Amino acid sequence: MKQALLVLSLVLAMAGGLCFAQEDVIKKAGRLELQGHFSAAAEILKASLADAALGAAEQKQLEFELDRLARIKKDFPYTKDQLFAVLKKSVRDLTLKEFDDWIREGRFDSRQIDGQVYFMGSSVKNLFFRYPELESRRVPPKDTTVSQKARLETCLAIQRAAIAEKKPYVLPKRFHITLNVTAKANAAPAGQIIRAWLPIPREYPFQRDFDLLSASPKPARIDARESAIRSIFMGQPARKDRPTEFRIEYDYTCYGVSFAPKPELVKASNPNDPLLSPFTREGPHLVFTPELRKLSTQIVGGETNPCLVAKRCYDWIATHIQYSLAIEYSTIRNISDYCRTKGYGDCGQEAMLFIALCRLNGIPARWQSGWNTFPGNEDIHDWSEIYLAPYGWVPVDPYMGIFAMQYATALSAVQRREIRDFYFGGLDQYRMAANSDHCQTLVPPKQSMRSDNVDFQRGELEWGSHNIYFDQYSYEFDVKELPLPKGTVD
């Protein structure tokens, strides 16, 4: 009842001539959202959108804020009873009292939405990530020993080859990829053209020789090799009651990377270098807040060597930040601060925190992302690059540091540190990197809002000026390792 009265009073205020600047509307809606009043926040945004004098840019921003509320709801689908029912299937001997204790302890991400508490859809998986002592009660049991050992051997093999060959890019592998992105039946009205942007490998020193073998439908555009957000663009009409499928097949080569940067050789980069300075500044999701500055001081202390500063930040994240599956990036205002505040995050959130700490300390740092194609662990993935003179841009994967130090429990302490240290300046061949920065603009630009306005891994779809969100399409990629072509330099 109180919620309904709140919505009514706000709508009447807007209709009665109470005018807010767009920024004030968004701030007010944001406060209501944080208080759990989603319907009231939505009504304020809708009332503002009814203003005939609204400019196109203002309208797009308000429409996104309205859609963002719906996206948050999708990320938090479970009531308390529903979550308990799901947990009972995954945690052996779980009791209601134990579950209630976990609720009180705040073990699950939750949101208050219009008078009801809802829990995140990934709550079960995240429980095991954040509380590994529960692993013995997991149903069914999960054994990653083989995968952990394979990771270690991959790192050591790349490291040995780089030392023997005296170069950072070694042991290339050739991959064949099939990517299917499928819009659900009736995701767009029949006859409307569904436009699709599908990620493909960007040209890097460690990633090259992209060869498109087939595409259905025929591509309208293929981005340049060094695009910051490389995609294939295509479109085809939707058919009534039928899914709409986009499919590409391609081959590419990816090298193992091992720089093993030596701190005594590293010099500070030129802050006025126009190629580097954009990557030392604040930006979307990279804000130098007082809290971030305090954390940086705590981690870095009086160290000034760029390599050692970055390594301290990397090592701190490896032991202090836990892995957790994420809510959608488009719903988060400041990803690096979200990860810092929560003390957990997914690979991209961990990478964003690392990038923010590096930039704050004058170290050029940027996003790198696409997929992890390691056998048995294929998934979307984000990591980072930092610029260390005289080495240039070197990869750093904060998640792999966390994996090594917190989750590779089948390995010895020495082996875990070997994996951690390898991924500071090293990268395995099992990657498909489509992006060299975050929050980039697709070409041609979408006419609608993005489903993910930070990253680009799962593709983007739209029809007309309408976005097709993640719950209205699926993506699937298949990876096969191929024999290396004759003449490949390794």
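Look a little higher up for the structure.
Residues numbered from 1 in each chain as written. Predicted model: local features only at pLDDT ≥ 70, side-chain atom pairs only at ≥ 80, totals over all residues. Heavy atoms only, no water.

Asks: Hey, could you run me through the packing of helix 2 (residues 22-34) against helix 4 (residues 56-75) in this one?
Replies: Geometrically, a packed helix pair is captured by the angle between its two axes and the distance between the axes. Between helix 2 and helix 4, whose axes approach to 11 Å, the crossing angle comes to 5 degrees. Comparing their axes, helix 4 and helix 2 come out roughly parallel. Each of Gln 22, Val 25, Ile 26 and Glu 33 in helix 2 lies in contact with helix 4, whose residues at this interface are Glu 58, Gln 61, Leu 62, Glu 65, Arg 68, Leu 69 and Ile 72. Broken down by class, the residue content of the contact of helix 2 with helix 4 amounts to five nonpolar, two polar and four charged. (Axes fitted to C-alpha atoms, helices over the stretch in contact; angles between N-to-C directions. Helix = DSSP H or I, 4+ residues; strand = E, 2+ residues; numbered from the N terminus. Parallel < 35°, antiparallel > 145°, perpendicular 65-115°, else oblique. Contact = heavy atoms within 4.5 Å. Nonpolar A, V, L, I, M, F, W, Y, C, P; charged D, E, K, R; others polar.)

Asks: Can you walk me through the sheet that holds strand 4 (residues 193-199) in this structure?
Replies: In any sheet, the strands associate via hydrogen bonds between backbone groups, in a parallel or an antiparallel arrangement. Taking strand neighbours across the sheet as the criterion, the five strands line up as 6-7-4-16-17 in an open arrangement whose pairing is antiparallel. Bordering the open sheet on either side are strand 6 (221-222) and strand 17 (466-468), each of which pairs with just one other strand. In the sheet, strand 16 (residues 460-463) pairs with strand 17 via three bridges, with the strands oriented antiparallel. Of the residues in strand 17, the one forming a bridge with Glu 462 is Asn 467. (Pairing = 2+ DSSP bridges.)

Asks: For this particular structure, what's the right way to read the packing of aromatic side chains?
Replies: Two measures describe an aromatic ring pair: the distance that separates the ring centres and the angle between the ring planes. Applying the stated criterion across every chain yields a total of 26 aromatic pairs. Residues Tyr 204 and Phe 206 carry aromatic rings whose centres are separated by 4.9 Å and whose planes lie at 15 degrees to one another, so their mutual orientation is stacked. The buried category is assigned to Tyr 204, whose relative accessible area is 5%. When its relative accessible area of 5% is taken as the criterion, Phe 206 is described as buried. Of the aromatic side chains, those joined through ring pairs into one cluster are Phe 175, Phe 210, Tyr 250, Tyr 252, Phe 374 and Tyr 430. The ring of Tyr 204 carries Arg 202 above its face, with NZ or CZ at 4.6 Å from the centroid. Above the plane of the ring of Trp 393 lies Arg 366, whose end atom (NZ or CZ) is 3.9 Å from the centre. (Phe/Tyr/Trp six-rings, centres within 6.5 Å; stacked < 30°, edge-to-face > 60°. Buried < 20%, exposed > 50% of the residue type's maximum accessible area, 1.4 Å probe, protein only. Lys NZ or Arg CZ within 6 Å of the ring centre and 35° of its normal.)

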